[in-house]
Amino acid sequence: MTRATTESTITDREVKLATTDLELLDCFTVMNELRPHLSKNEFIARVRRQQASGYQLAFCCDGDNPVCVTGFRVGENLAWGRYLYVDDLVTATAYRSKGYGTTLMDWLKEYAANNQCEQLHLDSGAQRKDAHRFYERENMSVTGYHFVYFPGAK
């Protein structure tokens, strides 16, 4: 059971792992809000390739339609030990501030604990101020910078 929010009285939102191609496709519209560069045609193939290295997609619905989606993986490194890394987390625009993001974050925290993860990590684009406020409400801390290098770029 997830914590109730002031915006919604729904407390039994089920979170499911997307395992079938149909479930993955059902998640595409929501994921596309966060990752607009992806086409529907390449989405399943990309998710399936990432699954080979432990990526999973989870979602919660309003009725039969996914409205909040997360992509994540469990890993281990010297800096963090065993961790859960959130690659993607997005709630459909029309369903924001209704507790769906909190439902999925609570589920991710529980999943991390159940899988002996010492930490939960995610990166967020510098421009995503609303997301940052949400993460801070979820007791997450800003702990560093993320740098990127693009080979071949001048």
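Each value, and the rule that gives it
- Residues numbered from 1 in each chain as written.
- Predicted model: local features only at pLDDT ≥ 70, side-chain atom pairs only at ≥ 80, totals over all residues.
- Heavy atoms only, no water.
- Helix = DSSP H or I, 4+ residues; strand = E, 2+ residues; numbered from the N terminus.
- Buried < 20%, exposed > 50% of the residue type's maximum accessible area, 1.4 Å probe, protein only.
- Contact = heavy atoms within 4.5 Å.
- Areas by Shrake-Rupley, 256 points an atom, 1.4 Å probe, with all protein chains shown as cover.
- Arc of directions from axis to C-beta.
- Salt bridge = Lys/Arg side-chain N within 4 Å of Asp/Glu carboxyl O.

Chemist: Explain the overall build of the protein here, please?
Modeler: For the protein, the helix and strand inventory stands at 4 helices and 5 strands. Reading the protein from its N terminus to its C terminus gives the helix and strand order β-α-α-β-β-β-α-β-α. The principal-axis extent of the C-alpha atoms belonging to the protein is close to 50 × 35 × 30 Å. When burial is assessed residue by residue, the protein has 38% of its 154 residues classed as buried. Partitioning the contacts of the protein with sequence separation of at least 6, the portion at a separation of at least 24 is 58%. Surface summary for the protein: the accessible area is close to 9,800 Å², and the carbon and sulfur share equals 50%.

Chemist: Sorry, what's going on with helix H4 (residues 129–137) here?
Modeler: Every α-helix carries 3.6 residues per turn, so stepping three or four residues along brings you back to the same face. Ala131, Phe134 and Tyr135 are the residues of H4 that are buried. Down the axis of H4, the smallest arc covering the buried residues is 100°, so these residues share one side. Counted as exposed and oriented over 90 degrees from the buried face of H4: Asp130 and Arg137. One or two positions beyond H4, positive phi appears at Asn139, with a value near 65°.

Chemist: Please explain the pattern of salt bridges as it appears in this structure.
Modeler: Opposite charge on two side chains lets them pair, provided their charged atoms get close. Applying the stated criterion across every chain yields a total of 8 salt bridges. Two residues, Arg48 and Asp21, come together in a salt bridge whose shortest N-O distance is 2.7 Å. In this pair, Arg48 is assigned in helix H2 (residues 40–51) and Asp21 in helix H1 (residues 21–34), connecting sequence segments 27 residues apart. A salt bridge links Glu33 to Arg96; the shortest N-O distance between them is 3.5 Å. Of the two residues, Glu33 is situated in helix H1 and Arg96 in the loop between strand E4 (81–91) and helix H3 (100–114); the sequence distance between them amounts to 63 residues.

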